[in-house]
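Commentary on secondary and tertiary structure
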Amino acid sequence: MQVFKFGGSSVANADNINKVADIVHAALQEESIVLVISAMGGVTDALLKTGSLAAIADEKYKDLLKEMENRHLDAVRALLPIQQQSATLSLLKQQFNDLEGICDGVFLLGELSPRTRDRIVSYGELLSSMMVSAKFQSLQVNQLWIDARKLITTNANHGNATVDFAFTEKKIQEFLVKNPHPLYIVPGFISSDENGNTTTLGRGGSDYTGAIFAAATQASVLEIWTDVSGMMTADPRLVQNAKCIQRISYQEAMELSHFGAKIIYPPTIQPVMSRNIPVWIKNTFAPSEYGTLIENESAVTDSFIRGISSINKISLLSLEGSGMIGIPGFSKRLFEALANESVNVILITQSSSEHSICVGINESDTTKAKKSIDKAFGYEIETGKVDPLKVEDGLSIVALVGEQMKSHPGISGKMFGVLGRNGINVRAIAQGSSEKNISAVLSETDVKKAINVLHEEFFETSYKQLNVFIAGTGNVGGKLLGQIQKQLQYLQDHLRLQIQIIGLANSKKILINEEGVNLDCWKDDLQQASSGNIHDFVQRIIEKNLRNSVFVDVTANAEVATVYGSLLEKSISVVACNKIAASSKYSVYQKLKSLSREFNAMFLFETNVGAGLPVIGTLNDLLRSGDKVNQIQAVLSGTLNFVFNNYDGTKPFSQVVRQAQAEGYTEPDPRLDLGGTDVMRKIMILAREAGQQIEMEDITNQYFLPASCFEGSVEDFYTEMEKQEAHFKKLYEEAVAKKCKLKFVAAYENGKASVGLRHIPSESDFYHLYGKDNLVLFYTDRYPEQPLVVKGAGAGADVTASGVFADIIRVGR
């Protein structure tokens, strides 16, 4: 004997029922079958709503009944040949007449008892199973429709009745012996008490019906057919890359179903487990796919975690106080108080000091649970021995499940480590002594993020996904997007890193796409996106709450730099091309570094100094390896180096500066470069990274621009430079007379920093520095005379973008 159960989606319409008939017809060639049928998809909810409307004297219940009747009758007309329809149509109409009579009674009485609710809701399975029976009759299959209420006996706990297994199994076995058929068709979910009143087995109870029949008949297999190809490693609605679990143990399946996996009804496992009957979950719409086989033994695989599941709408009740320590009976009284109100406890955790105990329950039970506990511990609360009960709502439980966890140390550390790195706060933890699951209570808003990071940590051997949000889509931003697009496949193949651009923002528009921005047409999409400012963009990033999130600032905007802290506090890493944050007040710089450490989020700004050159990275490597930086000499402005390398007095100084700006080497306001402000920021950042507490006003700047050049607009600046050409020519000629070149040099030594124009002789490392190159000399304890040298292009959109890109990859790795 085989037992097949088909869910609501599998019998939702005539086309789907035909698929069911094909599957069952093929399986009948091997063994006889008990076929358990659920109500058509959505019908159970509609029946419950019908009863509720009737109870409040709302005549819309009649409309709902008519809609359901038409749906069933239309399905029969599409399912059966015309000449075979009349008997089934009449049978179904009679059922709807009876159902309408019950609802009319509820309407008149204005009352819907649990017993009557069970009667109303039972019609869903009765109607669908009658249609399926008619289908097989039309195919001339020798079959028998059985009213499950005649065979499954329960207590009178309406809505979630308890089965009398001994009596039920005896009746099923006797009935099947007396009525031999190759195919039995049974409505799921429904049963009756010893007085013959209709009861139900709880939502999802059709699975249970299948398990009851499988156990009673000692079936070779219980196949549960649904609309997915088995149990998944995580909810596919939350995790895009969820995988099908091919084999799993009964215990693992029970753990997953208890913690919210909706594929199988939790009580289903118990009857078949006691008889060692395998359960096979299959897909009605892809019957050739393997599905999930549930057996006694856990399959030995490389992955010792079987799945990740969750329950939402959880409340955490915490009882604590010094009066609990060493006093027996507190836990007993707590659980008695909850049991008296029929409150189901989902999770329990207690401190070893006995100072506190907390339990997780369904949010819907919170009010009555609190009332009962407050009453039970009223004296202790009043006398201060126990604190008033603490209630936290809006929580969820996320559970890792796997039998093989017990033989693999470090699972808990790995789990909580990855949650912590993504800024997910764990409120409570529970792990059974069997070590089949580890459960964590966390905010409901963090569930999707938590399940994704855990799935990536334990199941994704292929790649890690980095969710990137970029502010600034100008010259550097555009180059960055182009570089990322070009390298996407390389990063996935060689570094197992998938970079997904989730959001883009400029000064006016915000583009967010959780599936990933299309990098082929991002400019058009951004132009048509919604309006918003940087604060709107950050709010959207925080609301998205995606795992492995990175915010990238490729602006030079002071307002953008102010949002870093709020992002780091949410464990969102920050990659900054923008120098403003790292070169602002030391307290701000230090606060951002502190937040980065506290919330396990990286704060990287390599391109603040030297564009794509590894200047800050090299400095940090020296310090981490125990070296000490004593002196830094550097040409840090690609702009100024370009200008002085190209100015020889034959063409105006202002024209050379314009050329530098046209080629993308200068800041939007070139005075930041030529006035030395940009270089001051850079040497200050290096000094700070070397461990020096330093502010901008501590840096000496030997200006070479006349004061008049700093007045007015950028155009006024160019006009004034033209007037001051004689000044610039004199600077050049003085250097040439000494056989020197002009270089704008930054220096740091003994805690002091300075910047200024210098005459560089031919023997200097700076003399042969051409174009837009930067050069940094680190004099350290290990490099006292011959410095460590970093040299290369220090300006330009391409190299700057590549430096930002490198920082993004560092976050990913």
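So, here is what we can say about the structure in this document. Since the structure is predicted, the reported quantities are computational estimates derived from the model, not experimental observations. (Residues numbered from 1 in each chain as written. Predicted model: local features only at pLDDT ≥ 70, side-chain atom pairs only at ≥ 80, totals over all residues. Heavy atoms only, no water.)

Describing the overall build of the protein chain
Check the secondary structure of the protein chain and you find 28 helices and 30 strands. Computed over its C-alpha atoms, the radius of gyration of the protein chain comes to 36 Å, more than 25% above the 28 Å expected for a compact globule of 813 residues. Split into buried and exposed, the 813 residues of the protein chain put 54% on the buried side. Within the protein chain, counting contacts between residues at least 6 apart in sequence, those at least 24 apart form 72% of the total. Summing over all exposed atoms, the protein chain offers an accessible surface of approximately 34,900 Å²; the carbon and sulfur share of this is 47%. (Helix = DSSP H or I, 4+ residues; strand = E, 2+ residues; numbered from the N terminus. Rg over C-alpha atoms; globule rule 2.2 N^0.38 Å. Buried < 20%, exposed > 50% of the residue type's maximum accessible area, 1.4 Å probe, protein only. Contact = heavy atoms within 4.5 Å. Areas by Shrake-Rupley, 256 points an atom, 1.4 Å probe, with all protein chains shown as cover.)

Observations concerning the pattern of salt bridges
Evaluation of the coordinates by the stated rule reveals 26 salt bridges. For Glu392, the salt bridge identified is with Arg427, shortest N-O distance 2.3 Å. Highlighted residues: Glu392 in strand S15 (residues 390-401) and Arg427 in strand S16 (residues 426-431), separated in sequence by 35 residues. When its relative accessible area of 36% is taken as the criterion, Arg427 is described as partly exposed. (Salt bridge = Lys/Arg side-chain N within 4 Å of Asp/Glu carboxyl O.)

Quick word on the side chain of Arg547
Locating Arg547 in the fold gives a position in the loop between helix H17 (534-544) and strand S22 (549-553). The buried category is assigned to Arg547, whose relative accessible area is 11%. Dropping the residues within four chain positions of it, Arg547 is found in contact with Asn422, Lys449, Asn452, Val453, Glu456, Gln465 and Asn467.

Comments concerning the pairing of strand S29 (residues 773-780)
Of all eight residues that make up S29, seven are buried, and the element is covered over most of its length. When strand S25 (residues 629-635) meets S29, the two strands line up antiparallel, connected through six bridges. Note that in S29 the partner of Val629 across the bridge is Thr780. In this structure, S29 lies alongside strand S30 (residues 788-793), joined through six bridges in antiparallel fashion. Note that in S30 the partner of Phe778 across the bridge is Leu788. (Pairing = 2+ DSSP bridges.)

Quick notes on the packing of aromatic side chains
Using the criterion set out here, one finds 21 aromatic pairs in the structure. Judged by centre distance (6.5 Å) and plane angle (55 degrees), the rings of Phe4 and Phe6 are tilted. With respect to burial, Phe4 and Phe6 carry one shared label: buried. Look at Phe653 and Phe704: their rings are 6.4 Å apart centre to centre, the planes differ by 85 degrees, and that puts the pair in the edge-to-face class. Placement of Phe653 in helix H23 (residues 653-662) and of Phe704 in the loop between strand S26 (699-702) and helix H26 (714-723) is noted, with a sequence separation of 51 residues between them. Accessibility assignment for this pair places Phe653 and Phe704 in one class, buried. Feature note: the residues Phe644, Tyr647, Phe653, Phe704, Phe728, Tyr732 and Phe744 constitute an aromatic cluster, connected by ring pairs. Positioned above the aromatic ring of Trp280 is the side chain of Lys282, whose terminal nitrogen or guanidinium carbon lies 5.4 Å from the ring centre. Between the NZ or CZ atom of Arg658 and the centre of the ring of Tyr718, over which it lies, the distance is 3.9 Å. (Phe/Tyr/Trp six-rings, centres within 6.5 Å; stacked < 30°, edge-to-face > 60°. Lys NZ or Arg CZ within 6 Å of the ring centre and 35° of its normal.)

Regarding the sheet that holds S25
Across the sheet, six strands lie side by side as S26-S28-S27-S25-S29-S30; this open sheet has mixed pairing. Two strands close off the open sheet at either side, each with one partner strand: S26 and S30. Here the strands of the sheet are splayed against their neighbours by 20 degrees on average, with no regard to which way each runs. Of the strand pairs in this sheet, S26 and strand S28 (residues 752-760) are connected by four bridges, and their pairing is parallel. By the bridge assignment, Thr700 is partnered in S28 with Ser754. Against the sheet, helix H25 (residues 677-689) contacts S25, S26, strand S27 (741-749) and S28, and its axis sits at roughly 30 degrees relative to S27. (Axes fitted to C-alpha atoms, helices over the stretch in contact; angles between N-to-C directions.)

Observations concerning H17
Along H17, the residues classified as buried are Ile534, Phe537, Val538 and Ile541. All buried residues of H17 project into a common sector of 95 degrees when viewed along the axis, lining one side. Each element contacted by the buried residues of H17 is listed here: strand S18 (464-471), strand S19 (497-505), strand S20 (509-512), S22, helix H18 (558-561) and helix H19 (564-568). Put simply, Asn533 is the residue that caps the front of H17, since its side-chain oxygen is 3.0 Å from the backbone nitrogen of His535. (Arc of directions from axis to C-beta. Polar contact = N/O pair within 3.5 Å; in protein donor to acceptor, adjacent residues only side chain to side chain.)

Observations regarding the nonpolar core
Among the nonpolar cores identified, the biggest contains 92 residues, and Val24, Leu35 and Ile294 are the most heavily contacted of them. Ranked by residue count, the leading element in this core is helix H5 (residues 114-138), at 10 residues. With residues near it in sequence (within four places) discarded, Ile294 still touches Met231, Ile248, Ser249, Tyr250, Ala253, Ile264, Ile269, Pro278, Val279 and Ile281. Residues Leu686, Cys709, Phe778 and Leu788 belong to the second largest nonpolar core, which totals 81 residues. (Core = buried A, V, L, I, M, F, W, Y, C linked by side-chain atoms within 4.5 Å.)

Re the environment of Thr292
Within the secondary structure, Thr292 sits in strand S11 (residues 292-295). Distance in space between the C-alpha atoms of Thr292 and Ser229 is 7.3 Å, their sequence separation being 63 residues. When residues no more than four places from it in sequence are discounted, the contact partners of Thr292 are Ser229, Gly230, Met231, Cys244, Ile245, Gln246, Ile248, Val279, Trp280 and Ile281.

Examining the sheet that holds strand S1 (residues 2-6)
Read from one edge of the open sheet, eight strands run S3-S5-S2-S1-S8-S10-S11-S9, paired in mixed fashion. The sheet terminates laterally at strand S3 (143-145) and strand S9 (247-249), the two strands that pair on one side only. Taking the axes of each pair of neighbouring strands and ignoring which way they run, one obtains an average angle of 20 degrees across the sheet. Judged from the three bridges that link them, strand S10 (residues 279-283) and S11 form a sheet pairing that is antiparallel. Pairing of Trp280 across the sheet is with Leu293, part of S11.

A look at helix H14 (residues 447-458)
The terminal C-alpha atoms of H14 lie 16 Å apart, and with 12 residues this matches the ideal 16 Å at 1.5 Å per residue to within 8%. Within H14, 10 of the 12 residues are buried, which leaves it mostly tucked inside the rest of the structure. Within the span of H14, buried status applies to Val447, Lys449, Ala450, Ile451, Asn452, Val453, Leu454, His455, Glu456 and Phe458. Against the buried residues of H14 lie strand S12 (307-320), S15, helix H13 (411-421), strand S17 (437-443) and S18. (Expected span 1.5 Å × (residues − 1).)

Looking at the layout of surface pockets
Within this model, the second largest pocket holds a volume of roughly 880 Å³. If you go around the second largest pocket, you meet 35 residues; those closest to its centre are Ala601, Met602, Phe603, Leu604 and Val811. Elements supplying a minimum of two residues to the lining of the second largest pocket: H13, H14, S18, S22, helix H20 (586-598), strand S24 (603-604), helix H21 (615-624) and helix H28 (797-812). Per element, the largest residue contribution to the lining of the second largest pocket is six residues, and it comes from H21. (1 Å grid on protein atoms, 1.4 Å probe; cavity = no way out; pocket = protein on both sides within 12 Å on 5 of 7 lines; lining within 4 Å. Points joined across faces, edges and corners; volume = space filled by probe spheres on them.)

A word on the pairing of S25
Taken across its seven residues, S25 has six buried, putting it largely inside the fold. Pairing of S25 with S27, which is carried by four bridges, proceeds in the antiparallel orientation. Bridge pairing in S27 links Gln633 to Ala747.

A short note on the packing of H21 against H25
Two numbers describe how H21 lies on H25: the axes approach to 10 Å, and their chain directions differ by 20 degrees. Classified by the angle between their axes, H21 and H25 sit roughly parallel to one another. Relative to H25, the crossing made by H21 is right-handed. For the pair H21 and H25, contact is made by Val615, Ile616, Leu619, Asn620 and Leu623 and by Ile685, Leu686 and Glu689, respectively. Each residue belonging to the contact of H21 with H25 can be placed in one class, and the counts come to six nonpolar, one polar and one charged. (Parallel < 35°, antiparallel > 145°, perpendicular 65-115°, else oblique. Left-handed = near helix turned anticlockwise from the far one by under 90°. Nonpolar A, V, L, I, M, F, W, Y, C, P; charged D, E, K, R; others polar.)

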